[in-house]
There are 2 protein chains.
Amino acid sequence: MSAQRSTGPALRLGIAGLGTVGIGVVKIVQRHADLLAARTGRKVEITAVCARDRNKNRDADLSGYAWESDAVDLAKREDIDVFVELMGGHEGVAKDATEAALASGKDVVTANKSLLAHHGQALAEMAESLGRVIRFEAAVAGGIPCIKALTESMAGNQIRRVMGVMNGTCNYILTRMEDAGLPYATVFEEARQLGYLEADPNLDVGGIDAGHKLSLLASIAFGTKVAFHDVQLEGIGRISIDDIRRAGDMGYKIKLLGVAQMTGRGLEQRMTPCLVPATSPLGQLSGGTNMVVVEGDSVGQIVLRGAGAGEGPTASAVMGDVADIARGLRLSTFGIPASQLTEATAAVATAPASYYLRINLSDKPGALAKVAQALGNAGISISRMRQYGHADSAAPVLIVTHKTTSDAIEHAIATFPQTGVVQGDPVALRIEDL
Amino acid sequence: MSAQRSTGPALRLGIAGLGTVGIGVVKIVQRHADLLAARTGRKVEITAVCARDRNKNRDADLSGYAWESDAVDLAKREDIDVFVELMGGHEGVAKDATEAALASGKDVVTANKSLLAHHGQALAEMAESLGRVIRFEAAVAGGIPCIKALTESMAGNQIRRVMGVMNGTCNYILTRMEDAGLPYATVFEEARQLGYLEADPNLDVGGIDAGHKLSLLASIAFGTKVAFHDVQLEGIGRISIDDIRRAGDMGYKIKLLGVAQMTGRGLEQRMTPCLVPATSPLGQLSGGTNMVVVEGDSVGQIVLRGAGAGEGPTASAVMGDVADIARGLRLSTFGIPASQLTEATAAVATAPASYYLRINLSDKPGALAKVAQALGNAGISISRMRQYGHADSAAPVLIVTHKTTSDAIEHAIATFPQTGVVQGDPVALRIEDL
């Protein structure tokens, strides 16, 4: 008798979607057949595959696999054990095929953050009522093992906060703006031409894709039903090169940062541009790399860093899930049974924080005093302030506040027009404590 | 039917060793009983405990648990399912009790790196022949989930290299030397007074403790039998504040860095002071924090950072393993069955690298040329060189070489006396590529 089933039957995969990640999975199964068998105690095989266009030239030999033109048909095949969903999209065939797979007794491994962000609870309930598992390490931060760390390694912790830079394209754009001194629009166009952007770029730069990921992490961290629609979303479109430079002068970097934490008023989920200390691990993250930071009451802060996208890293995460299934690990989709996940009250940025404010002041005597007074009236005190030299009639002023609330900041900004000295819209960005 | 056994029997722990970590485990089990039950589908209970001194004042209520004065007796109790070994030491009672636990049908969770570094293969074989598991996340880098990441998340990867800063005390000493400009001996004494050092300080500063950890990671990464005695060990005792400063001038930090990689000549395992780029994640690591870096052929580089020691982090890692057992995850000790682990040939630093050399040169005409010639004769070319101003008769010279081998460096150093211009022993430190 061995702890590991060394004579288990082969684990048979059906792969739906043969884009970059799907082909990456095929390559790993082919290249590392022996390694996978040694590690899981079973052969891992591909039985059948499916994609939109059979005749497309692909960088892998698919001749040994049955071909299905319809993912639902693939999902129902009797000769597969695991349905690997790599098509994407939260409606249509991805959803239909996932449901068909579960209904016909298959486990599911998916990289589809959008599907789970929208239908995670229903799918988890379905899977668990049928005794199947859904695994989705590849859906969040690519190759970084954050789902596993949170669900398994930190099982003895009450989670305090989960944070992450989980959209490589946004981090690339912000890093490139800073390094090359280029405005957002120019770098956005570069990224589009490099093929870094989704067909709908708002999924990236609007924070939606990263918001999907955050909502999945939050569910596991806090035992709550996935609540993507409660994520406070703000993209990077209004970040100027000025703000990146000014924040840098004050010792910060600007990141599209996801933060989920349970507060006295409910579950706070934010995916917004934030300032983080330049010397922190998040501040030092540049280019397309992702980072997930998890804080537990016993373990303290764990930082996980790696490639958030791409063929190899995402396929590696898929195969980690496949190996778990081959080894017999059977977990609830979001770490606890779906029936025990609670409905969280959504709270909007109630946790106090310092804020960065950039205000264009009219060049009039007493202007700064008027703004300071408006902040004081809103109960906000100033930690640091800088006024920059200027050639025209407006003086850029930077303020870092002491800890306050987003309500207070909004209130103060709403009173700025009454001062008669604030030009244009002030920029207010939260400074996340690390 | 549910994917998770929600009505499973309680999982009963016997805890041997009630030091910091043992008490940390007790506290988590008591504080998070509901959380653990929800996450694992079973109650997690402590049945019995054992420590040297029953009357010691401990920061936890142990009145509900049976007391054993002998760990072997605890291990054999019929009312425990998991033997949690937190005593330490690689001979004597820790080994006897672990064997007794396995022999009497218990799974084992341990934080004992030394035990596994010395007897890992025998214990793994014993566990697997009896159908039991041994888990040891807490033995390597405290709260950082590096064993799980390597064994499970990266199961689809051929591992290329594993690196880590895994002794917080050494990293604290090096960081403190740099920040305070203090010599090694002074900071060593500070660390001793702060209680940061093991009873035998050489376990820390000699790299032995970190070497134990590296040997366990290497076994999992490369499917080889644990070979602690093949780890090339060098402590931090000869690192001077001068070297820390000079390396800093050249853009590097000095770390006690563990590196394991499979080369054409065999398995290279080193735990030695190395230079790493100051801007890399390893270079940015300061104080007692640990970091493990794993590189796989698909996933690329994954960086894991967190607390490497202490009550909470280590107890968190123990509980992650306990939760896995409660959830029914049963893995081979080192990722593949013990019978399939291979005996690796030990290779000593065969992978080429750049080196940092600090040489005290006599203040004579042509001295630098003679050293450059000696390096050239050994096939070593110079990438960068700095000579510092000096008040006495010896001029400190720093050299960063192009990639070469440790053999070539040793050969060159052996010829330095013949030049007649090198004073004292040169310092040579490997620069690890990141």
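Residues numbered from 1 in each chain as written. Chains lettered and ligands numbered in written order. Predicted model: local features only at pLDDT ≥ 70, side-chain atom pairs only at ≥ 80, totals over all residues. Heavy atoms only, no water.

- Chain A carries the name Homoserine dehydrogenase in an unreviewed UniProt entry, which gives Thioclava litoralis as its organism.
- Under the Sequence similarities (unreviewed entry) heading, UniProt states for chain A: "Belongs to the homoserine dehydrogenase family." (UniProt positions renumbered as here; feature names shortened; annotations may be inferred.)

## A closer look at the interface of chain A and chain B
Where interface size is quoted, it is often the accessible area lost as the parts come together.
Phase 1: Each partner contributes to the interface: chain A provides 60 residues, whereas chain B provides 60 residues.
Phase 2: For the pair chain A and chain B, the interface holds four salt bridges.
Phase 3: Here Arg-31 of chain A makes a salt bridge to Asp-297 of chain B, at a shortest N to O gap of 3.5 Å.
Phase 4: Between chain A and chain B we count 20 residue pairs in polar contact (both at pLDDT 80 or more) in total.
Phase 5: Those elements giving two or more residues to the side of chain A that touches chain B turn out to be helix H1 (20-31), helix H2 (33-40), helix H5 (113-129), helix H6 (146-153), strand S12 (300-307) and helix H12 (311-327) of chain A.
Phase 6: In the side of chain A that touches chain B, the residues fall into 28 nonpolar, 21 polar and 11 charged.
Phase 7: Strand direction decides the pairing type here: S12 of chain A and strand S12 (residues 300-307) of chain B, joined by three bridges, are antiparallel. (Contact = heavy atoms within 4.5 Å. Salt bridge = Lys/Arg side-chain N within 4 Å of Asp/Glu carboxyl O. Polar contact = N/O pair within 3.5 Å; in protein donor to acceptor, adjacent residues only side chain to side chain. Helix = DSSP H or I, 4+ residues; strand = E, 2+ residues; numbered from the N terminus. Nonpolar A, V, L, I, M, F, W, Y, C, P; charged D, E, K, R; others polar. Pairing = 2+ DSSP bridges.)

## Considerations on the relation of the copies chain A and chain B
Phase 1: Superposing chain A onto chain B requires a rotation of 180 degrees together with a translation of 0.0 Å along the rotation axis, leaving an RMSD of 0.0 Å. These values place the two chain copies in the arrangement generated by a two-fold rotation axis.
Phase 2: Comparing interface residues between copies, 100% of those in chain A also sit at the interface in chain B, which points to an isologous, same-surface contact. (Least-squares fit on C-alpha atoms with pLDDT ≥ 70 in both.)

## Focus on the sheet that holds strand S3 (residues 66-68) of chain A
Residue and element names in this part refer to chain A.
Phase 1: The sheet built from six strands is open, its strands ordered S3-S2-S1-S4-S5-S6 with parallel pairing. Single-partner strands in this sheet number two, and they are S3 and strand S6 (134-135).
Phase 2: Here strand S1 (residues 11-16) runs beside strand S4 (residues 82-85); their pairing, made up of four bridges, is parallel. Along S4, the bridge assignment pairs Ala-16 with Glu-85.

## Considering the UniProt feature "domain: ACT" (unreviewed entry) in chain A
Phase 1: Residues annotated by UniProt as "domain: ACT" (unreviewed entry) correspond here to residues 356-427 of chain A.
Phase 2: When the span residues 356-427 of chain A is considered, its composition is 35% helix and 38% strand, and the gap between its end C-alpha atoms is 8 Å.

## Here's the deal with unusual backbone geometry
Residues and elements named next belong to chain A.
Phase 1: Positive phi values are uncommon outside glycine, yet Ala-141 reaches one of about 60 degrees.
Phase 2: With respect to the secondary-structure elements, Ala-141 resides in the loop between S6 and H6.
Phase 3: Owing to a relative accessible area of 0%, Ala-141 belongs among the buried residues under this scheme. (Buried < 20%, exposed > 50% of the residue type's maximum accessible area, 1.4 Å probe, protein only.)

## Focus: helix H4 (residues 93-103) of chain B
Residue and element names in this part refer to chain B.
Phase 1: Taken together, the buried positions of H4 are Ala-94, Lys-95, Ala-97, Thr-98, Ala-100, Ala-101 and Leu-102.
Phase 2: Where the residues of H4 are buried, they touch helix H3 (71-76), strand S4 (82-85), strand S5 (107-110), helix H5 (113-129) and strand S6 (134-135).
Phase 3: In the stretch just after H4, Gly-105 is the one whose phi turns positive, near 85 degrees.

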